[in-house]
Structure formats: C-alpha cells, structure tokens
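Here's the letter readout for the chains.
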Amino acid sequence: DAGVIQSPRHEVTEMGQEVTLRCKPISGHDYLFWYRQTMMRGLELLIYFNNNVPIDDSGMPEDRFSAKMPNASFSTLKIQPSEPRDSAVYFCASSFRGGSGNTIYFGEGSWLTVV
Amino acid sequence: GEDVEQSLFLSVREGDSSVINCTYTDSSSTYLYWYKQEPGAGLQLLTYIFSNMDMKQDQRLTVLLNKKDKHLSLRIADTQTGDSAIYFCAERSGYSTLTFGKGTMLLVSP
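All figures in this text were calculated on a predicted structure; none of them were measured in a lab.

### Re the interface of chain B and chain A
Here is step 1 of the chain: Opposite the 19 residues of chain B that make contact, chain A presents 24 residues.
Here is step 2 of the chain: When the two sides are added together, the surface that chain B and chain A hide from each other amounts to roughly 1,800 Å², 57% of it contributed by carbon and sulfur.
Here is step 3 of the chain: For the pair chain B and chain A, the interface holds five residue pairs in polar contact (both at pLDDT 80 or more).
Here is step 4 of the chain: Counting residues per element, the ones that place at least two in the side of chain B that touches chain A are β4 (31-37), β5 (43-50), β9 (85-92) and β10 (98-100) of chain B.

### Details of the side chain of R36(A)
Here is step 1 of the chain: Along the chain, R36(A) falls in strand β4 (residues 31-38).
Here is step 2 of the chain: Not counting residues up to four positions away in its chain, the partners in contact with R36(A) are G42(A), L43(A), E44(A), L46(A), P61(A), F65(A), D86(A), A88(A), V89(A) and Y90(A).

### A look at the sheet that holds strand β1 (residues 5-7) of chain A
Paired through backbone hydrogen bonds, the strands of a sheet run either parallel or antiparallel to each other.
Residues and elements named next belong to chain A.
Here is step 1 of the chain: One open sheet accounts for four strands, arranged β1-β3-β8-β7; its pairing is antiparallel. Each edge of the open sheet carries a strand with a single partner, namely β1 and β7 (65-71). When the angles between neighbouring strand axes are averaged without regard to direction, this sheet yields 15°.
Here is step 2 of the chain: Bridge analysis of strand β3 (residues 19-24) against strand β8 (residues 74-79) gives five bridges, and the strand direction is antiparallel. If you follow T20 over to β8, its bridge partner there is K78.

### Some thoughts on the nonpolar core
Here is step 1 of the chain: Ranked by internal contacts, the top residues of the largest apolar core, which has 21 residues, are W34(A), L77(A) and Y90(A).
Here is step 2 of the chain: Not counting residues within four places of it along the chain, the set of residues in contact with Y90(A) comprises Q6(A), L21(A), Y35(A), R36(A), L46(A), F65(A), L77(A), I79(A), G109(A), S110(A) and L112(A).

### Some points on the sheet that holds strand β8 (residues 71-76) of chain B
Residues and elements named next belong to chain B.
Here is step 1 of the chain: A sheet is described by the order of its strands in space; here five strands give the open sequence β1-β3-β8-β7-β6, paired in antiparallel fashion. Both outer strands of the open sheet, β1 (4-6) and β6 (55-58), are each paired with one neighbouring strand and no more. Averaged over all neighbouring strand pairs, the angle between strand axes comes to 15°, with direction disregarded.
Here is step 2 of the chain: For strand β7 (residues 61-66) and β8, the ladder comprises six bridges, and the chain directions are antiparallel.

### Quick look at the state of the cysteines
Here is step 1 of the chain: Following the criterion strictly, the structure yields two disulfides over all chains and no others.
Here is step 2 of the chain: Covalently, C23(A) is tied to C92(A) through a disulfide, its sulfur atoms 1.9 Å apart. Of note, the bridge from C23(A) to C92(A) carries an S-S torsion of about -70° and is left-handed in sense. Of the two residues, C23(A) sits in strand β3 while C92(A) sits in strand β9 (residues 88-95), which places them 69 residues apart along the sequence. A single burial state applies to C23(A) and to C92(A), both of which are buried.
Here is step 3 of the chain: Between the sulfur of C22(B) and that of C89(B) lies a disulfide, 2.0 Å long from S to S. With the S-S bond torsion at -65°, the cross-link from C22(B) to C89(B) turns out left-handed. Here the residue C22(B) occupies a position in strand β3 (residues 18-24), and C89(B) occupies one in strand β9, the gap between them amounting to 67 residues. Note on accessibility: C22(B) and C89(B) belong to one class, buried.

### Overview of the pairing of strand β11 (residues 104-109) of chain B
Residue and element names in this part refer to chain B.
Here is step 1 of the chain: A one-sided burial pattern is seen for β11, the buried positions being T104, L106 and V108 and the unburied ones M105, L107 and S109.
Here is step 2 of the chain: The pairing of strand β2 (residues 9-13) with β11 spans five bridges and is parallel. Pairing of S11 across the sheet is with L107, part of β11.
Here is step 3 of the chain: Bridge count for β9 against β11 is three bridges, and the pairing is antiparallel. Looking at the pairing, Y87 lines up with T104 of β11.

Reading the values: the criteria
Residues numbered from 1 in each chain as written. Chains lettered and ligands numbered in written order. Predicted model: local features only at pLDDT ≥ 70, side-chain atom pairs only at ≥ 80, totals over all residues. Heavy atoms only, no water. Contact = heavy atoms within 4.5 Å. Buried area = accessible area lost by both parts, 1.4 Å probe. Polar contact = N/O pair within 3.5 Å; in protein donor to acceptor, adjacent residues only side chain to side chain. Helix = DSSP H or I, 4+ residues; strand = E, 2+ residues; numbered from the N terminus. Pairing = 2+ DSSP bridges. Axes fitted to C-alpha atoms, helices over the stretch in contact; angles between N-to-C directions. Core = buried A, V, L, I, M, F, W, Y, C linked by side-chain atoms within 4.5 Å. Buried < 20%, exposed > 50% of the residue type's maximum accessible area, 1.4 Å probe, protein only. Disulfide = S-S within 2.5 Å.

Encoded structure:
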C-alpha cells in the first residue's frame, strides 16, 4: 500500500512568490497533519484535519499560510507571499482512528527554499 | 503545555548497544513513539508503546517506559553504521497530534 505522498519533493522559489504543497494521505485515514521542520524550532504542528475538517490551526504562523482539504484524499498547504524565513521541510502525515498504536505516518517531506 | 526532552547527541562504536533517553510531561499520554530520520529523508516509525506497558521488544529494539517518572528509552542492540540517524521521541494523547522532542543524533563509528 502506498504511503503518504507529497509533492513537490524539492522547491526553490523567489521571495514573494506563491508556493503550494500537496499531499495525498494513506487511503482510509481520517486524520491529516501538516508539520514544519527547521533546525531552530524542530518539528512543529501547523494544522490538522479530521474527516476533512480543520480541527486545530493554532500552529499556522500567520495569514500568509493557508491549508485546505477538499476531500479525503487530497490536501494543500499554500504560502502566499513566501518569505525566506519560510524555508523548511514541510511534512504531511496521516493516521486512522482506531489504527494500531494510533500511529501517525509521515510522507517524505517537501523541502522548500525561498531565496 | 506538553513538553518532550531528549539529549541532543550520542556517539557509539559499531557492535555496542545504544540507549537514547526521553522524558515527557503530559501524564495523559496514551502512546509514545520512536521515529528515525535519516539525512534528507522523512520520519520513519520505528516502534511505539502503549502507556500501560513498561517494555516492548522488537528485534534489535527495546523500549522501556517508566510512567511514574515519565521516562522513555530506546535501546538498539548491536548498533550498526546504518543506524546513524536522528531519533525522535514523541507522545500522543488520544487522537490529537504528536508532540516531538528535538531529536537525538546517533553517530555510529566503525
């Protein structure tokens, strides 16, 4: 079975440009998470969804960040306009309520560089 | 809020055992996890333990949980150079999100 799929894997963009990161969770999973990883702050939760509904977006840095989950198999994280301090690895993850160990499975990440 | 603490670095020789330690503060944690991250890669789940257990063994990995002291450890037996990576401890309460430690970098020398 395919794991969590993220795209793009790597993106380099100029400051001020819009960035859209995409995620396909594991089929059947009802929770989807977006995390950001930086050297300074480690792994931070940005937002998570349950059954396509945002549950907690308190980690979203500011209005430049937005996330959507239009259906159970797709989510996007958008940054507009992007800034150099947004450079990080963005991970999407998913889990299934009642799954073994309540485990959260991660994608390979989207490595974003804003210059 | 919840907090998870780990030591930042551990260096061992190939063939030795490695022990990575973690402490957490959330007494309502239901599951505790160990993830491994190799350079340039995502987070790979290694193992997890339910909070009412005190030990779990999975091949070369042994997880010990002291719930009273809120202390979790991961022991890797016969450590290999391929085990060099960053290891993250994480806790989860119910169906909420994971709270991660900052990660322990394990360096295995030949």
